[in-house]
Amino acid sequence: MDATPVHPSWLGDPSSTRDVLYRLLIDGPMSRSALAERLGLSAASLSRVTKPLLASGELREVPGRHVGPTGRPTQPLEVDASQHRFIGVKVTGNHAYAALVNLRADVLESEDAPIRAKDPDSVIAVLTALAENLQRRGGAASGLGVCLGGQVREDGSVGYAPFLEWENVPFGERLRAATSLPVAVANDLNALTLIEHWHGAGRGVENLVILTIGAGVGYGLVINNQLINDVNAGLGQVGHTPLDPTGPACSLGHRGCANVVLSIRNIEAQAAVSLGRSVPYERLMKLAAKDPVARQVVDQAAFSLGRLMTIASAFTMPQKIVLTGEGVGLAVAAPDAVRAGRAHDREKHTPAVPLEIVEVSHTHWARGAAIAAMQLPAPPQTADRIPAAASSSTLAAH
């Protein structure tokens, strides 16, 4: 399918334009007076910003009669989320999960496909087919975002992706050539943080920590509505945080680090030693309710998880922690041990940071990748991005 990318007119526009669009995307319809007050704009300035957006159809007035706080009629504004579509893809070591979304990251179409060969050409062929299928069913997309586990450079190249066994792959450039779409490549934790901050459990939270446990330990951080990110974000550095001085050593020789005490594989291995038999992770979480040996294994890991939360809180002072990933059953199975771990290192007068446990699907991660694509500049601009949770506090200001 020959898809002609349509670039939103607000990509690369002045910050006040982006502020208006972000505010309406996140908060929904709002009167002009409320919007001007929220953004610190005069009525005249707001009018100058919204007039071309209304003319282009990217903003619209909400139909019907509405009464403002003064009792006078008002016509709230909203973003027409149907004006543009974006594709997001979550890539694992053996599968790709894709979604076509609108500007609110609502899923319009979704599709997934196995990755049978991990070489870049094979993966690009899978993603190209997914993008073509989604656009055939749901219409042309304005951009394509892909998230994967590993080190992603600013130019969209992948420095290191362990699950795909890649090193130094010019992935974004090659995918752009194959799909004829603007392409954003993001670390998967950054993509997850984006969707949680924009439309998930972290919505409206200025300072936010995302922790994931599963195959390893992941960490995302938002400060002042801005995702804190650098090229090494995908290397899983938080996984080497020391948590248990008596724990086993990781592959780098770090004893009791987060990766070895919190990953699914290592918790299963510890259970096998203690129980004398192999027990799958989910079954182990249930077994802990009635078997004291399983309970000890689960509680020990959950205590370490609580310690990791407190360490993250001490250094970053978030307003909320969101815990997710395939291994979140640990926190559900052992809440008391998590609380004890959180209290262990915390100054006694400091309250625990609110915690929310979230189970997410692969499509949820794909939605975050689509948001990364929404931040792409319209060619030929390359320096200015939509300010968002991932790149600037302008668009991400709640």
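Just above sits the structure.
These numbers were taken from a predicted model, which means no experiment stands behind them.

Peer 1: Could you give an account of the overall build of the protein chain, with specific residues and numbers?
Peer 2: Looking only at helices and strands, the protein chain has 14 helices and 17 strands in total. Across the 398 residues of the protein chain, 52% fall into the buried class. Taking the contacts inside the protein chain whose residues are at least 6 apart along the sequence as the reference set, 62% of them involve residues at least 24 apart. Within the structure as shown, the protein chain displays about 17,700 Å² of accessible surface, and the carbon and sulfur contribution to it stands at 51%.

Peer 1: Would you mind going over helix α8 (residues 264-275) in detail, with residue names and values included?
Peer 2: The end-to-end C-alpha distance of α8 is 16 Å, a good match for the 16 Å that 12 residues give at a rise of 1.5 Å each. The complete set of buried residues in α8 reads Ile 264, Ile 267, Ala 271 and Leu 275. Along the axis of α8, the buried residues cluster in a sector spanning 65°; they form a single face. Opposite its buried face, α8 presents the exposed residues Arg 265 and Val 273, each directed more than 90 degrees away. Contact partners of the buried residues in α8: α7 (258-262), α9 (281-287), α10 (292-316) and α11 (329-333). At the exit of α8 stands Gly 276, carrying a positive phi of roughly 80°.

Peer 1: Could you give me a rundown of the sheet that holds strand β11 (residues 166-169), with the residues and numbers involved?
Peer 2: Reading across from one edge, β9-β10-β11 is the order of the three strands in this open sheet, with antiparallel pairing throughout. This sheet does not close on itself; its edge strands, each paired only once, are β9 (151-152) and β11. The pairing of β9 with strand β10 (residues 158-161) spans two bridges and is classified as antiparallel. Bridge assignment links Gln 151 to a residue of β10, and that residue is Tyr 160.

Here is what the cut-offs are and how they apply
- Residues numbered from 1 in each chain as written.
- Predicted model: local features only at pLDDT ≥ 70, side-chain atom pairs only at ≥ 80, totals over all residues.
- Heavy atoms only, no water.
- Helix = DSSP H or I, 4+ residues; strand = E, 2+ residues; numbered from the N terminus.
- Buried < 20%, exposed > 50% of the residue type's maximum accessible area, 1.4 Å probe, protein only.
- Contact = heavy atoms within 4.5 Å.
- Areas by Shrake-Rupley, 256 points an atom, 1.4 Å probe, with all protein chains shown as cover.
- Expected span 1.5 Å × (residues − 1).
- Arc of directions from axis to C-beta.
- Pairing = 2+ DSSP bridges.

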